[in-house]
Amino acid sequence: MGSSLVEYWKQRDAVVGGRCLPTANSRVSFAAADRNLDDAARAYSSITPFDILLFPQYTGYVTSKPAVTFRDQYGPWAVIAGASEGTGSAFAHSLARRGLSCVLVAWAGPLAEVAEEIRTQYGVECVTANIDLSATDAFDRILDATGGREIGLYVANAGSDRFGSRYLDHDVEDWLGLLAMNVSTTMRACHHFGRQMRARRRGGLLIVNSGACYGGGSFLATYTGCKGFLLNFAEGLWSELRPYGVDVLTMVLSMTRTPMFLRLLTEKGVPEPAGLASPMDVVEQALERLPHGPVHNWGLADDEGGYAVTSAAGRRARVLAIDASSKRIYGD
Ligand SMILES: NC(=O)c1ccc[n+]([C@@H]2O[C@H](COP(=O)([O-])OP(=O)(O)OC[C@H]3O[C@@H](n4cnc5c(N)ncnc54)[C@H](OP(=O)(O)O)[C@@H]3O)[C@@H](O)[C@H]2O)c1
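Residues numbered from 1 in each chain as written. Predicted model: local features only at pLDDT ≥ 70, side-chain atom pairs only at ≥ 80, totals over all residues.

This next bit is on the pairing of strand β3 (residues 77-81). Successive residues of a regular strand alternate their side chains across the two faces of the sheet. Where burial is concerned, most of β3 is hidden: five out of the five residues are buried. Residues Trp77, Val79 and Ala81 of β3 are buried on one face, and the alternating residues Ala78 and Ile80, pointing to the opposite face, are buried as well. Across five bridges, the pairing between β3 and strand β4 (residues 101-106) is parallel. Bridging from a neighbouring strand, Val79 pairs with Val103 of β4. Across five bridges, β3 lies against strand β6 (residues 151-156) in parallel orientation. Across the sheet, residue Val79 finds its bridge partner in β6, namely Tyr154. (Buried ≥ 20, exposed ≤ 12 C-beta atoms within 10 Å, placed from the backbone. Helix = DSSP H or I, 4+ residues; strand = E, 2+ residues; numbered from the N terminus. Pairing = 2+ DSSP bridges.)

Here it is in structure tokens:
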């Protein structure tokens, strides 16, 4: 029965282009690999009593309430930290197209333009806030900007190193600002919004990362330190929140054609390398992989290591093993 059950869900995969996974809290979570949660939800609603007779072990799942649409799982509002350009504005467009209203945060970039575009193109609501994400009060200001709205998705996007210097040759205060933007502000946001999501038993935390998370190198000491933290942090959160239906993903980017990266190349007098990823492609892949977590490496298959040293599947297996071992000490 076990293997025929697998076959059954594989067939369903073929129908909806997605995957239907039973989660630990006994609800059906539709992780649609083709970004089409609505189709997955329709497939769910087509499950018949006959299916339940055939596969009684699924009764517990199919009779409880599934997460249905993308907006149901991650809406009604998303916060995007670093939303004025590049992957940040691509997130705003992709999420608004999926029906989410957006709180857009950036320091000085053209937020009003992005907001106007998404209001007109997708008819969603949009709020903007100019906040320095590296400041100590950044999270309090984000919270003010959300004004009590229900946040179903937090995207920690901003996090590049604008300094491009050796550690000792640059002001330590700037390094601490980079640390605060990547680490402290993200931790505070995940703590606050994550608690609300856990209570609602749905939602998502999406942390934009870099291949730099896999190890250090010169000119990158603080940056790789921050990104390595985010990798491990996201894996821990994924383990803790998966029983509650809250999805956590750290999306690991390689070189991407963002305005920030192009400015850095110009500053350093380096020609644009071939094969840069497009911000919109990266964002679509991140949203597609969000239900799977905890890691996705841009452009690589789930079980492929490539530039990432360890594949996403390898990291997931490791996290699950550590999780099982921690539970023996700390309990469930
Ligand atoms: N581009 C790449 O090749 C690449 C490669 C690997 C990983 N990544 C990762 O991808 C993410 C996005 O990178 P990116 O290249 O687009 O550059 P980024 O500077 O990290 O992100 C740009 C966005 O963040 C905002 N931002 C930057 N500093 C801010 C601050 N202190 N306070 C508030 N907003 C701030 C910018 O708005 P303002 O203009 O208003 O400051 C803009 O909206 C980062 O986490 C980065 O580490 C990028």
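Attention now goes to the site of the ligand. Lining the immediate environment of the ligand, one finds 28 residues, of which Gly82, Gly86, Gly109, Ala158 and Gly159 sit closest. Here the shell around the ligand takes three residues from helix α6 (residues 86-97), the largest share from any one element. Taken together, the residues of the shell around the ligand sort by class into 13 nonpolar, 13 polar and two charged. (Near = placed C-beta within 6 Å. Nonpolar A, V, L, I, M, F, W, Y, C, P; charged D, E, K, R; others polar.)

This next bit is on the pairing of strand β8 (residues 246-253). Burial of β8 is extensive: eight of the eight residues sit out of reach of the surface. In β8, alternate side chains face the same way, and those of Val246, Val248, Thr250 and Val252 on one face and Asp247, Leu249, Met251 and Leu253 on the other are all buried. Inspection of the sheet shows strand β7 (residues 203-210) paired to β8 by eight bridges, in the parallel sense. Residue Leu205 lies in a different strand from β8, and its bridge partner there is Val248. Once the chain exits β7 it traverses helix α10 (residues 221-241) before rejoining the sheet at β8, and the crossover so formed is right-handed. Where β8 meets strand β9 (residues 295-297), three bridges bridge the pair, whose relative direction is parallel. Paired with Thr250 across the two strands is Val295, which belongs to β9. (Right-handed = clockwise from strand over helix to strand, strands pointing away.)

Turning next to unusual backbone geometry. The residue after Gly75, namely Pro76, is reached through a cis peptide bond having omega 0 degrees. Tracing the backbone shows Pro76 in the loop between α5 (70-74) and β3. Notably, Arg201 is not glycine yet its phi reads approximately 60 degrees, a positive angle. Its location among the elements puts Arg201 in the loop between α9 (172-200) and β7. Non-glycine residue Phe219 carries a positive phi angle of around 75 degrees. Within the element layout of this structure, Phe219 appears in the loop between β7 and α10.

The next thing to look at is the sheet that holds β8. Strand order in this open sheet of seven strands is β5-β4-β3-β6-β7-β8-β9, and the pairing throughout is parallel. Each edge of the sheet is formed by a strand with only one pairing partner; in this case those strands are β5 (126-130) and β9. The average undirected angle you get between the axes of adjacent strands in this sheet is 15 degrees. Sheet analysis places β4 next to β5, joined by five bridges and oriented parallel. In the sheet register, Val105 faces β5, and the bridge partner there is Ala129. Packed on one face of the sheet, α6 meets β3, β4, β6 and β7 and runs near 170 degrees to β4. In the packing of helix α12 (residues 279-289) onto the sheet, contacts are made with β7, β8 and β9, and the angle to β8 comes to roughly 150 degrees. (Axes fitted to C-alpha atoms, helices over the stretch in contact; angles between N-to-C directions. Contact = placed C-beta atoms within 7 Å.)

What follows concerns the packing of α10 against helix α13 (residues 312-330). Their axes nearest at 10 Å, the elements α10 and α13 cross at an angle of 60 degrees. Considering the angle they form, α10 stands oblique to α13. Here α10 runs over α13; the crossing is right-handed. Taken together, the residues of α13 that come into contact with α10 (itself represented by Glu235, Trp238 and Ser239) are Arg315, Val319 and Asp323. In terms of residue class, the contact of α10 with α13 is made up of two nonpolar, one polar and three charged. (Parallel < 35°, antiparallel > 145°, perpendicular 65-115°, else oblique. Left-handed = near helix turned anticlockwise from the far one by under 90°.)

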